[in-house]
Structures are given as C-alpha cells and as structure tokens.
Amino acid sequence: MGTKRVTAADIARSLGISRATVGYVLNNTPGQTISQPTRERVLGEAARQGYRPNLAAQALARGRSRFILLAVPDWPLTSFSMTSGLNAASQVIDQAGYCPIVYTFHPDERTRRAWEALDPAVILCLGLFQPAELATMREWGIGPIVPSPQHQRLTAEVPSVGDTTRVQVQHLYDLGHRRLAVASPTNPRVAALGANRARAACHSAAELGLEPPDIRAVNHLDDSATAAVRQWRDAGITGVVCFNDDIAATVVGAALDAKLAVPESFSIIGHDNSPMAALFRPAITSVDLDIAGLAAYLAHLALHAADGRTLPGAPPEIVATLHPRGTTGPR
C-alpha cells in the first residue's frame, strides 16, 4: 500500500494557519509579507511531514512544465561522444532547476504520445535530425525546439561530420600512406552516420589525389575484421580510417592476430577519443570534437527558450582535434 502524499493543506491544518500562507511559503511566492518565524515554522513542518511538491500541479499553475527533453537519435547511448554530451547538457539543465529527460527520437506515433504526455518546456535536440523530422515535431505543436532557425550562426560555426574524418585522412596522408581503407559499423542504428563518414573519407581522399578508400563493415562479434585485414593486406592498403575507437580496437586486434604489426603494417586511426583509446595497447590514435562543450552551450540556449534567462555568449570553439598515439606511424 502506498502512503498518501502530504499536501499544503495537511501542513496548514497541523500548524493552524491558512492554506494560502503555506502555499506562499512553499512556492516562495514573491510580493508576500510573511514573517520569517512563520516561514521557518512552515518549512520545518513540511520537512517533518516529508512534504514533496506536486510538480504536475505546479506546471499546470504556471502554464508550463519543468521538463526539458533531451531528444537524441536512435544511436547507442553507450558511445562516448553521446554520453559526454548528455552528461554536460543534463548538468546545466539540472543546476538551473529543470528536470532533464533523455528520450530516443522515433518519428512515429509512439514518440508523439510520449512527448504529448511529458509536455516539456523545451525540446533540445542532440544529434543530426533531418529537416522533415523537425518539421514534424513543429506540426505536433511541440516546442520551442533548440537548435532552431534562430541559431543559424551557431550551426554554421559547428564543424560538419566530415571535419573529423578529414583530419583522420589527412593524418594518414601526412605519414605517407597512399592506399587507405574505411572500417564502418555494422549496427543499423548508426548506419546513416557511418555512411556519411565513409563518404567524407572518400571526398577527402579525392582532394588529396588518392584512390577511393576500400570500405568494409566490421564487427567484433564475428570474423569480419579478420577478413577485412587480410583483404587490405593483399591490396597493399596501409592506412585504416575507423568509424570509432571500438572499431579501431577491433581492427587492431585482427591485425595483431594475423601477425601484422601495428603501426608497421597498418596505421589505424579511431574516432571519439574515448578513454579506452588511451588505455588500449597499443594506444589508439583518435580524433574528436568538444561535444560536451557544444551540448552545454545548447543547454543554455534551451534555458533561454524555456524562461527567457540571459543568452550565453559566443559558442565554444568546436574544432576537430587529433590525438596521435601508438596505432599510427610513418609509411
């Protein structure tokens, strides 16, 4: 059996004062002349009885909720970049007195019902949403949505998905590698992102006068990495651009199992600069963006949209950063 929720009326009855007075104190209502002793009595009795505010009722009275929905694409939330972004945004939102809720975006009726039930103050999109998806959210009357068209300056200054891939390709090229491969994911949830990065690798290679990289999907759960490494070895490929650090570790392991030295036989570069990249042996060369800084900035934009608080200053400088380690070396 559940216990009955303690209400402001219960506290008022216990103290023998009006319900309105208790409500003013608990809601910290401005413009009320309530003595400090009375405030202390109300707050003390509320703590004694275990009072918890009814957030739904407060939201109804204010005309808006205290929820900010962090809408993310259907990507694995175990990815380091996604986790760091969510943590940074959630911390900013929580410190501002709002409740961050992470929800995976599915463009179907199930998502619509969930968003309608939550009635969030703001939708904060952390990910790559298509214009049609954003248009659908607006048609549903959900909003405000951040980033919005008003944030064009921000989105123009944030690197595209190709910038980190360009750094990967350039690093291998600078080391003397002229035959490259791309190790893509097999997980269908990140297939679109993997395809975007593979196309970016092909474009970057063409700009450097290289042949198109050989693109193969690899998975640590089967022998796809082993087969790919053998085919790359036979084709004279010496540099491998990987979708993320997990795939880079898979390719490194397959190369070592095939008695191929890394980086002497293959130079392998990951993506995300996860903690695992530095801990792995040999340590994995990787690239990343300041996703946490960007997510925190977007969270401040969401708070401005929620209640008009001061806009943040200029966005952080988001540049693709190379972290050279032991899996890449000169050809």
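A few points on the structure. (Residues numbered from 1 in each chain as written. Predicted model: local features only at pLDDT ≥ 70, side-chain atom pairs only at ≥ 80, totals over all residues. Heavy atoms only, no water.)

A closer look at the overall build of the protein chain
So the rule is basically this: In this text, helices come from DSSP runs of H or I with a minimum length of four residues, and strands from runs of E with a minimum of two, each type numbered from the N-terminal end. Only protein chains enter the accessibility calculation, which uses a 1.4 Å probe; a residue is then buried when its area is under 20% of its type maximum, exposed when over 50%, and partly exposed in between. We call two residues in contact when some of their heavy atoms are within 4.5 Å.
Scanning the protein chain from N- to C-terminus turns up 14 helices and 10 strands. Within the span of the protein chain, comprising 331 residues, buried residues form 44% of the whole. A sequence separation of at least 24 residues applies to 72% of the contacts in the protein chain between residues at least 6 apart.

Details of empty space enclosed by the protein
The gaps of empty space that remain are located by a probe, the size of a water molecule, rolled over the atoms. Rules: A pocket, in this scheme, is an open set of points on a 1 Å grid over the protein atoms alone with protein on both sides within 12 Å along at least 5 of 7 lines, while a cavity is a set where a 1.4 Å probe fits but cannot get out; residues line either one if an atom lies within 4 Å of a point. Grid points are joined across faces, edges and corners, and a volume is the space filled by probe spheres set on the points.
All told, the structure shown has one cavity of 30 Å³ or more when counted by the stated rule. Around the largest cavity sit Thr165, Gln168, Val182, Ala183, Ser184, Gly194, Arg197, Ala198, Val241, Cys242, Phe243 and His271, which together line it. Within the residue set of the lining of the largest cavity, elements represented by two or more residues are helix 9 (161-174), strand 5 (180-184), helix 10 (191-207) and strand 7 (239-242).

Overview of the nonpolar core
So the rule is basically this: For the purposes of this section, nonpolar cores are sets of buried Ala, Val, Leu, Ile, Met, Phe, Trp, Tyr and Cys residues that join through side-chain atoms within 4.5 Å.
Counting 54 residues, the largest nonpolar core has Leu124, Leu126, Trp232, Val240, Val251 and Ile268 as its most contacted members. Among the elements that line this core, the one with the most residues is helix 14 (residues 291-307), at 10 residues. Each residue touching Trp232, except ones within four places of it in the same chain, is listed here: Ala181, Val182, Ala183, Asp214, Arg216, Ile237, Val240, Val251 and Phe266.

Notes on the environment of Ala314
Looking at where Ala314 falls in the secondary structure, it is placed in the loop between helix 14 and strand 10 (321-323). Judged by relative accessible area, which is 65%, Ala314 ranks as exposed.

What about the pairing of strand 5?
Basically, it comes down to this: Strand pairing is assigned whenever DSSP detects at least two bridges linking the two strands.
For strand 5, the buried fraction is high: five of the five residues fall into the buried class. The side-chain alternation of strand 5 yields two buried faces, one formed by Leu180, Val182 and Ser184 and the other by Ala181 and Ala183. Where strand 5 and strand 7 come together, four bridges link them in parallel fashion. Paired with Leu180 across the two strands is Gly239, which belongs to strand 7.

Quick look at the sheet that holds strand 7
Quick note on the threshold: Only the stretch in contact is used when fitting a helix axis, every axis being a line fitted to C-alpha atoms; angles between N-to-C directions are given from 0 to 180 degrees.
Pairing is parallel in the open sheet, where four strands are placed in the order 6-5-7-8. Each of the sheet's edge strands pairs with one partner strand only, and the pair in question is strand 6 (214-217) and strand 8 (267-269). Each adjacent strand pair in this sheet contributes to an overall mean axis angle of 20 degrees, direction not counted. In this structure, strand 7 lies alongside strand 8, joined through three bridges in parallel fashion. What sits directly across from Gly239, in strand 8, is Ser267. The strands that helix 10 touches are strand 5 and strand 6; relative to strand 5, the one it contacts most, it runs at about 175 degrees.

With respect to the environment of Gln231
Our working definition: Counted as a polar contact is a pair of N or O atoms within 3.5 Å, where, for protein atoms, one must be capable of donating a hydrogen and the other of accepting one, and residues adjacent in sequence contribute only when both atoms are in side chains.
Mapped onto the secondary structure, Gln231 falls in helix 11 (residues 224-234). The class for Gln231 is partly exposed, based on a relative accessible area of 36%. Looking at Gln231, its side chain comes within polar contact range of the side chain of Arg216, at 3.0 Å.

Regarding the pairing of strand 3 (residues 122-125)
A two-sided burial pattern is seen for strand 3, the buried positions comprising Val122 and Leu124 on one face and Ile123 and Cys125 on the other. In this structure, strand 1 (residues 67-72) lies alongside strand 3, joined through four bridges in parallel fashion. Bridged to Ile68 within strand 3 is Val122. Inspection of the sheet shows strand 3 paired to strand 4 (residues 145-146) by two bridges, in the parallel sense. The residue bridging Ile123 from the neighbouring strand is Ile145, located in strand 4.

A short note on the sheet that holds strand 3
Consider a sheet: its strands pair through backbone hydrogen bonds, and that pairing is either parallel or antiparallel. Strand order in the open sheet formed by four strands is 2-1-3-4, and the pairing between neighbours is parallel. The open sheet terminates on both sides in strands that have one partner only, identified here as strand 2 (99-104) and strand 4. Here helix 5 (residues 80-95) sits on the sheet and contacts strand 1, strand 2 and strand 3; the angle it forms with strand 1, its principal contact strand, is near 170 degrees. Here helix 14 sits on the sheet in contact with strand 1, strand 3 and strand 4, set at roughly 165 degrees to strand 3.

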